[in-house]
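Residue strings, one per chain:
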Amino acid sequence: MMNKVPVFLLVLGLSLGVLSGSAGAAEDALRPASVVLGEISQLLAEFNYDAAIALFDTIDPADAGTSHIRLLKASVLNSAGKGAEARSIAEAVSREEPDNLEALFVLSAIEGAGGRVREQRALLERIVKADPKNVEALTDLGTLFMEANSLRSAAQYFDQALALEPEYLEAMLGRARVHRLNKEPKKAETLYNKAISLYPGNPSVWHDRARLYRGQGYPNLALEDLEKAKALAPEDYWIAIDRGNALLDMGKKEPALEEYQRAISIDPAEFLAYAYTSGIKDDLGDIDGAGKDYEILAKLKPDYPYAFEGLGFHKMKDRQWAEARNAFMETYRQLPNDWCYALLAAVNWMKADNVTGPRQFLNQAMAKVKRDTIEYYMVRLYYDLSGRVYAGENDMLQRVDKEKNIVTKARMIFYLGHYFDIRGNQTLADKYFTQFREMDCQTLPEWRFNQWTLEERGIAAF
């Protein structure tokens, strides 16, 4: 997500109509800053950073060399993700003018964009020490403390900013967010209402209030606000995501899917929308579409284990056993305490005509499972199977029969079904797959795949 250009820099730049260049440039291609900055402002509103940056080269050198214009360019570069170029300019201005607080502010934004929170905070504190009435620095400090979950300190900074400038939008939104996080919905709503009355054309005020309403359990009110936010910012990815969330809260899966797909069209490189579309497509029966979305999700977010879980089940459904094994191996690598992913990897390993293949892997998995638990004995059953030993079957069946926890029992029954399927006993496999369905544990990750298995085998529900 790009950083915003500080408002004070943009306003300051637009006010520089009395700079030397305003008398007219020597060359037709060079124009006064007062003219060019208006065009840059419009491009920034459209998030067209490259075009905005290019326009700085058309400013008359007498104007372009001022610290104000240089810092504005540095800020735009930072917003465009070109932190190194931005830093070079801002540091040069700061060396030339050690007391220039605008330069420190731009440097603080550069540190923030790079995730260097400690350095960002130090720069902001220097600004506030030199200028205790610097509203933007106070607000950014409030935001830093809010993101660190230091809500009391965040509230103090936002309150200081609002005491100096009661209608400063970023401080109003920040303070409202703190109220929301502090479970003070009425106070948050009052502040959001004020912000909306002052800035009805700003999509953030509608978006933020929508999040408050959704968090309070009013998705219909949230959706009304999000409609207004969408109209003001139709290309905002997060507004699209939150509209999808509100629709999903209302049980409207197909409209929610459309909104998540709209988010993907806005930013196909952002992973979150695929996490929703894959699950909804599964629910709506678009199995191929869901599988493709899980595959994209796994590539975009390789540290998200449930992307590989979903991908594994889809590969398993398509009988791509090796690919399914690899997906579950990755899930298990990221969730090493979840024994079921070790078993899912082993199941697919064995179904790829290699029953003995996962023996060493299962031996390592057993070491991570608490002994004398039913989970341990199930992993042990598969370990024995990998050595073509079947002595533990009766013991496992008795343990499953005595299990009192319905969820645990259901999972054991699922894996018994696959155990007998691998052994070639289709009658027992079908029995356990059917029994798993009858237990109706639909929240388990194995549920959907079991349904696919029954459909493939032509076993109808009673």
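Residues numbered from 1 in each chain as written. Predicted model: local features only at pLDDT ≥ 70, side-chain atom pairs only at ≥ 80, totals over all residues. Heavy atoms only, no water.

*Asks:* Before we go on, may I ask you to explain the overall build of the protein in this structure?
*Replies:* A count of helices and strands for the protein gives 27 helices and zero strands. For 462 residues, the compact-globule estimate of 2.2 N^0.38 gives 23 Å, and the protein exceeds it by more than 25% at 29 Å. Projecting the C-alpha coordinates of the protein onto the three principal axes gives extents of approximately 95 × 45 × 40 Å. Per-residue burial over the protein gives 49% buried out of 462 residues. Long-range pairs, those at least 24 residues apart, make up 51% of the contacts in the protein with a sequence separation of at least 6. Of the roughly 22,400 Å² of accessible surface on the protein, 49% is carried by carbon and sulfur atoms. Computing the positive centroid from 56 side-chain charges and the negative centroid from 67, the protein places the two 8 Å apart. (Helix = DSSP H or I, 4+ residues; strand = E, 2+ residues; numbered from the N terminus. Rg over C-alpha atoms; globule rule 2.2 N^0.38 Å. Buried < 20%, exposed > 50% of the residue type's maximum accessible area, 1.4 Å probe, protein only. Contact = heavy atoms within 4.5 Å. Areas by Shrake-Rupley, 256 points an atom, 1.4 Å probe, with all protein chains shown as cover. Lys, Arg positive; Asp, Glu negative; His and termini not counted. Charge placed at Lys NZ, Arg CZ, Asp CG, Glu CD.)

*Asks:* Would you mind going over the nonpolar core with me for this structure?
*Replies:* In this structure, Leu37, Ile40 and Phe56 are the most contacted members of the largest nonpolar core, which totals 91 residues. Counting residues in hydrophobic clusters, the runner-up holds 55 residues, among them Trp339, Ala410, Ile422 and Phe433. (Core = buried A, V, L, I, M, F, W, Y, C linked by side-chain atoms within 4.5 Å.)

*Asks:* Just checking my understanding: could you explain helix 13 (residues 203-215) for this structure?
*Replies:* Think of an α-helix as 3.6 residues a turn; residues three or four steps apart then line up on the same face. Helix length check: helix 13 (13 residues) gives 19 Å between terminal C-alpha atoms against 18 Å at 1.5 Å per residue, within 8%. Buried within helix 13 are the following residues: Val205, Trp206, His207, Asp208, Arg209, Ala210, Leu212 and Tyr213. Elements that come into contact with the buried residues of helix 13 comprise helix 11 (169-181), helix 12 (185-198), helix 14 (219-232) and helix 15 (237-249). Looking one or two residues past helix 13, Gly217 carries a phi angle of roughly 90°, positive in sign. (Expected span 1.5 Å × (residues − 1).)

*Asks:* Just to check I follow, could you spell out the state of the cysteines for this structure?
*Replies:* Two cysteines, two sulfur atoms, one covalent bond between them: this is a disulfide. Per the counting criterion, the structure on display carries zero disulfides. Between Cys340, a cysteine without a disulfide, and Cys441, which holds the nearest cysteine sulfur, the sulfur-to-sulfur distance is 14 Å. (Disulfide = S-S within 2.5 Å.)

*Asks:* Can you walk me through the layout of surface pockets in this structure?
*Replies:* Computed from the structure, the second largest pocket encloses a volume of approximately 520 Å³. Every residue lining the second largest pocket is counted, 24 residues in all, and those nearest its centre are Gly279, Asp282, Tyr294, Glu309 and Arg448. When residues of the lining of the second largest pocket are assigned to their parent elements, the largest contribution, six residues, is made by helix 17 (residues 272-284). Along the lines of polarity and charge, the residues of the lining of the second largest pocket split into 13 nonpolar, seven polar and four charged. (1 Å grid on protein atoms, 1.4 Å probe; cavity = no way out; pocket = protein on both sides within 12 Å on 5 of 7 lines; lining within 4 Å. Points joined across faces, edges and corners; volume = space filled by probe spheres on them. Nonpolar A, V, L, I, M, F, W, Y, C, P; charged D, E, K, R; others polar.)

*Asks:* For this particular structure, what's the right way to read the pattern of salt bridges?
*Replies:* Two side chains of opposite charge can pair, provided their charged atoms sit close to one another. Counted according to the given criterion, the structure contains 33 salt bridges. The salt bridge partner of Asp208 is Arg177, with a shortest N-O separation of 2.5 Å. With a gap of 31 residues between them, Asp208 in helix 13 and Arg177 in helix 11 connect regions that are remote in the sequence. Residue classification places Asp208 among the buried positions, given a relative accessible area of 5%. Overall, the relative accessible area of 23% leaves Arg177 in the partly exposed class. Notably, a salt bridge pairs Glu227 with Arg243, separated by 2.4 Å at the nearest N-O pair. With Glu227 in helix 14 and Arg243 in helix 15, this residue pair connects regions lying 16 residues apart in the sequence. Look at Arg243 and you get buried, because its relative accessible area is 6%. (Salt bridge = Lys/Arg side-chain N within 4 Å of Asp/Glu carboxyl O.)

*Asks:* So what exactly am I meant to see when it comes to the side chain of Ser108 here?
*Replies:* For Ser108, the location among the structural elements is in helix 7 (residues 101-113). At 2.6 Å, the side chain of Ser108 and the backbone oxygen of Phe105 are in polar contact. What Ser108 contacts, discounting residues up to four positions off in sequence, is Gln120, Leu123 and Leu124. (Polar contact = N/O pair within 3.5 Å; in protein donor to acceptor, adjacent residues only side chain to side chain.)

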